[in-house]
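One letter stands for each residue in the lines below.
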Amino acid sequence: MKLPKLLLFFLAFSIFSCAKKEETTSFKFAVWTTADAKKSDADYTKEFKKYKDGGIDEVLINTTTDPKLLKRLVPLATKEGLKVHAWIMAMNRPNDSVALQHPDWYQVSKEGKSCFDNRPYVDYYQWLCPTRKESREHVLHLVEELAKVEGIESVHLDYIRFPDIFLPISLLPKYNLVQDVELPQFDFCYCDECVKAFEKIHHKNPKESHNTSIDMEWKNFRLNAIKAVVDDACKIAHKHNKQLTAAVFPYPEMADHMVLQRWDKWNIDEVYPMIYHSFYNEEIDWVGYATKQGVADLEDKKTKINTGIYIPGLKNDKELKQAILEAKENGAVGVSFFDGNALSESNLKTIKETKASLK
Ligand SMILES: [Zn+2]
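Per chain, the residues get numbers from 1 upward, laid out in the order the sequence is written. Given that the model is predicted, a residue must reach a pLDDT of at least 70 before its local features are reported, and side-chain atom pairs must reach 80 or more before they are shown or counted; all residues, however, enter totals for whole chains, interfaces and linings. Only heavy atoms go into the side-chain values, all of them from the structure, while hydrogens and water stay out.

- Under an unreviewed UniProt entry, the protein chain has the name DUF4015 domain-containing protein and belongs to Flavobacterium panici.

So this is what it looks like as structure tokens:
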């Protein structure tokens, strides 16, 4: 009588371990792409087919938060065998027709200027305050509208952070900037609601701080404001049986330092750190370094990492292959390429071949 029980145990164990193996070997390949409502269904089918034929499994689509356009694209992509993620620009909402009716929803710099009409770096930097009830509820409402769309895998948050206090080093010359310290025109959000909420907890005004760059309460307040939006977005996505994912900065300390984003503390299913080595004058092995750091920081959480690879920053297909392998070997569950338009025929051939070599 003992033997069959034992056999059953081994049988169950082997089924379990097979399932587990299957899960760990299915390394995912994704691509970020921005939709254009004017493009025809046939053009989209062609684009999605091209990705699928090149070994891509998933598309992260920016519809500029248009659930109707998303509804149109989901069946076209799924027909070609691709999974779809609804990519939304979360706190940075350029040309948001609803938000633009409310100038007080926008973030305010340490200089006291609102990015409603005084935008840092570029005209599309139009950031909403994560603390003010109305602006955060607006963002969460948009998340919910996307989460309701049938057939998507996740709502994918982008720009879920503050404006860059420090720009990536390789971008500084483009803006003719030197950023050796935190500069007040790039430091946000000093709006009345943020100051009020901070004072309630800490009994001091950040505008009167001797040096905000070493005021940890002020920093932590802002990290927590973003975390609170993410955690609420996660509840909303899960309510509609969708996952929550996000495009984030390379690894948590770096994200914290540059854009006040501490993603290892978030309630979120998967993150897509943009490990764009060329933005930071780094080499390909840094893709592995940053992936590994993020994986280690998430060790105790269920959150998984997909390494974001910047296609224009690669010199050749050999580097593309190396970047994919760096991500895989350092614990990512997949890679995502920025962006779909940048992928050449030869890139797609390399992706397909590299994918086949992983099996
Ligand atoms: Zn604010």
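**Concerning the packing of aromatic side chains**
By convention here, two paired aromatic rings are described through the distance between centres and the angle between planes.
Part 1: Geometry of aromatic contacts follows a simple scheme: Phe, Tyr and Trp rings, the Trp one being its six-membered ring, pair when their centres are within 6.5 Å, and the pair is stacked under 30 degrees between planes, edge-to-face over 60, tilted otherwise. Within the structure shown, the criterion is met by 25 aromatic pairs.
Part 2: The structure contains a cluster of three or more aromatic residues connected by ring pairs, namely Trp-32, Tyr-272, Tyr-276, Phe-279, Tyr-280, Trp-286, Tyr-310 and Phe-338.

**Digging into the side chain of Arg-161**
Part 1: Mapped onto the secondary structure, Arg-161 falls in the loop between strand 4 (154-158) and helix 5 (192-202).
Part 2: Taking the relative accessible area as the measure of exposure, Arg-161 reaches 5% and is therefore buried.
Part 3: Within 3.5 Å is the distance limit for a polar contact, defined as a pair of N or O atoms, with the added protein rule that one can donate a hydrogen and the other accept it, and that residues adjacent in sequence qualify only through two side-chain atoms. Engagement of the side chain of Arg-161 in a polar contact is seen with the side chain of Tyr-125, the distance being 3.3 Å.
Part 4: Not counting residues up to four positions away in its chain, the partners in contact with Arg-161 are Met-91, Gln-107, Tyr-125, Trp-127, Ile-226, Phe-249, Val-259 and Gln-261. The helix and strand labels rest on DSSP assignments: H or I over at least four residues marks a helix, E over at least two residues marks a strand, and numbering proceeds from the N terminus. Each residue is assigned to one of three classes by its accessible area relative to the maximum for its type, calculated with a 1.4 Å probe on protein chains only: buried under 20%, partly exposed between the two thresholds, exposed over 50%. Note on definitions: a residue-residue contact is assigned when non-hydrogen atoms from the two residues lie within 4.5 Å.

**So, the nonpolar core**
Part 1: We define a nonpolar core as any set of buried Ala, Val, Leu, Ile, Met, Phe, Trp, Tyr and Cys residues linked to one another through side-chain atoms lying within 4.5 Å. Core analysis: the biggest nonpolar cluster contains 114 residues, and Leu-157, Ile-160 and Phe-337 have the highest contact counts within it.
Part 2: Take this core: its biggest share by element is 10 residues, from helix 6 (residues 216-239).
Part 3: Ignoring any residue separated from it by four or fewer positions in sequence, one finds Ile-160 in contact with Ala-90, Met-91, Ile-226, Val-229, Val-230, Ala-246, Ala-247, Gln-261 and Trp-266.

**Here we look at the packing of helix 5 against helix 6**
Between two packed helices, what matters for the description is the angle formed by their axes and the separation of those axes.
Part 1: Their axes nearest at 11 Å, the elements helix 5 and helix 6 cross at an angle of 120°. The angle between helix 5 and helix 6 places the two elements in the oblique class. Where helix 5 crosses over helix 6, the two elements pack in a sense that is right-handed. Contacts between helix 5 and helix 6 involve Cys-194, Ala-197, Phe-198, Ile-201 and His-202 from the first element and Glu-217, Trp-218 and Phe-221 from the second.
Part 2: Gly counts as polar in this scheme, as do all residues outside two lists: the nonpolar Ala, Val, Leu, Ile, Met, Phe, Trp, Tyr, Cys and Pro, and the charged Asp, Glu, Lys and Arg. A breakdown of the residues in the contact of helix 5 with helix 6 according to their chemical character gives six nonpolar, one polar and one charged. Lines fitted to C-alpha atoms define the axes here, with helix axes fitted over just the stretch in contact, and angles between the N-to-C directions of these axes take values from 0 to 180 degrees. For classification, angles of less than 35 degrees are called roughly parallel, those exceeding 145 degrees roughly antiparallel, those between 65 and 115 degrees roughly perpendicular, and all remaining angles oblique. What makes a crossing left-handed is the near helix being turned counterclockwise from the far one by less than a right angle; a clockwise turn instead makes it right-handed.

**A short note on the coordination of the zinc ion**
Part 1: Around the zinc ion, the protein supplies Cys-129 (SG), Cys-189 (SG), Cys-191 (SG) and Cys-194 (SG) as donor atoms, at distances of 2.2 to 2.4 Å.
Part 2: In this analysis a donor is any N, O or S atom within 2.8 Å of a metal ion (3.2 Å for sodium, potassium and calcium), and since water is not included, sites may seem incomplete. Note on geometry labels: four donors, all angles 85 to 135 degrees, give tetrahedral; four donors become square planar and six octahedral when opposite donors are over 155 degrees apart and every other angle is between 65 and 115; remaining cases are irregular. Coordination at the zinc ion is tetrahedral: its four donor atoms span angles of 97 to 120° at the metal.
Part 3: On the accessibility criterion, Cys-129 (0% relative accessible area) is buried.

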